[in-house]
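Understanding the architecture of this molecule
What follows is each chain in one-letter form.
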Amino acid sequence: MKNYFLQVKDFIEGNYPSYNWYITGFNYPPSPLSILISQVATIIWIVGIILLLCGDLIFRTLNIPMPKIIQDINNNKVFCFGVLFIINSLGNSQLATGAFEMYLNDELIYSKLATGRLPSGEEVLNLLVKYGYPKVK
């Protein structure tokens, strides 16, 4: 999304070189539930990697009988690593909102969240014309 933002920024500045634009971008915040899911997935991933790599060592060092689940993890390391990788990927994907919002003078003029798609260059120019900027060729 950042690359698209930079393309739109360059497009606007290139088509309106005489204007002193202040174009900035930021990450749209994910919902609190998405943040929580991401944090829980990260914790599962970290604990899982620790158990995957040295779970048996931890239990032997503490002189505690190894639970069956740790034995199963040791017997299926590749599968467990794959599951942990998927959990981590799903957790990280919760933080990506896919938002692309355009504001002009603090007024929302385009929202990918509302339209479900990114604006074309022509749409960006038409929006600027709608808000009083001259049409460019």
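Along each chain, residues carry numbers from 1 onward, in the same order as the chain's sequence is written. Only residues with pLDDT of at least 70 are given local features in this predicted model, and only at 80 or more are side-chain atom pairs given and counted; all residues enter the totals for whole chains, interfaces and linings. No hydrogens and no water enter the side-chain calculation; it runs on all heavy atoms of the structure.

A word on the pairing of strand S1 (residues 101–104)
As a reminder, the rule being used: Only protein chains enter the accessibility calculation, which uses a 1.4 Å probe; a residue is then buried when its area is under 20% of its type maximum, exposed when over 50%, and partly exposed in between. Strands are runs of DSSP state E lasting at least 2 residues, helices are runs of H or I lasting at least 4, and numbering of each runs from the N terminus. If DSSP finds at least two bridges between two strands, the strands pair.
Burial of S1 is one-sided: the residues Met102 and Leu104 facing one way are buried, the residues Glu101 and Tyr103 facing the other way are not. Sheet analysis places S1 next to strand S2 (residues 107–111), joined by four bridges and oriented antiparallel. When the sheet's bridge partners are listed, Glu101 is paired in S2 with Ser111. Connecting S1 to the antiparallel partner S2 that follows it, the hairpin turn spans two residues, and Asn105 within it adopts a positive phi of roughly 55°.

Observations concerning the layout of surface pockets
This is how it is decided: Whether a set of points on the 1 Å grid over the protein atoms alone is a cavity depends on a 1.4 Å probe fitting there but being unable to get out, while an open set qualifies as a pocket with protein on both sides within 12 Å along at least five of seven lines; lining residues are those with an atom within 4 Å of a point. Grid points are joined across faces, edges and corners, and a volume is the space filled by probe spheres set on the points. The residue classification treats Ala, Val, Leu, Ile, Met, Phe, Trp, Tyr, Cys and Pro as nonpolar and Asp, Glu, Lys and Arg as charged. All others, Gly included, are polar.
Approximately 870 Å³ is the volume attributed to the largest pocket. Taken together, 28 residues make up the lining of the largest pocket; nearest its centre are Phe5, Thr24, Gly25, Phe26 and Glu101. Of all the secondary structure elements, the ones that give two or more residues to the lining of the largest pocket are helix H1 (2–15) and S1. When residues in the lining of the largest pocket are grouped by element, the largest group, five residues, is from H1. Among the residues making up the lining of the largest pocket, the classes are represented as 18 nonpolar, six polar and four charged.

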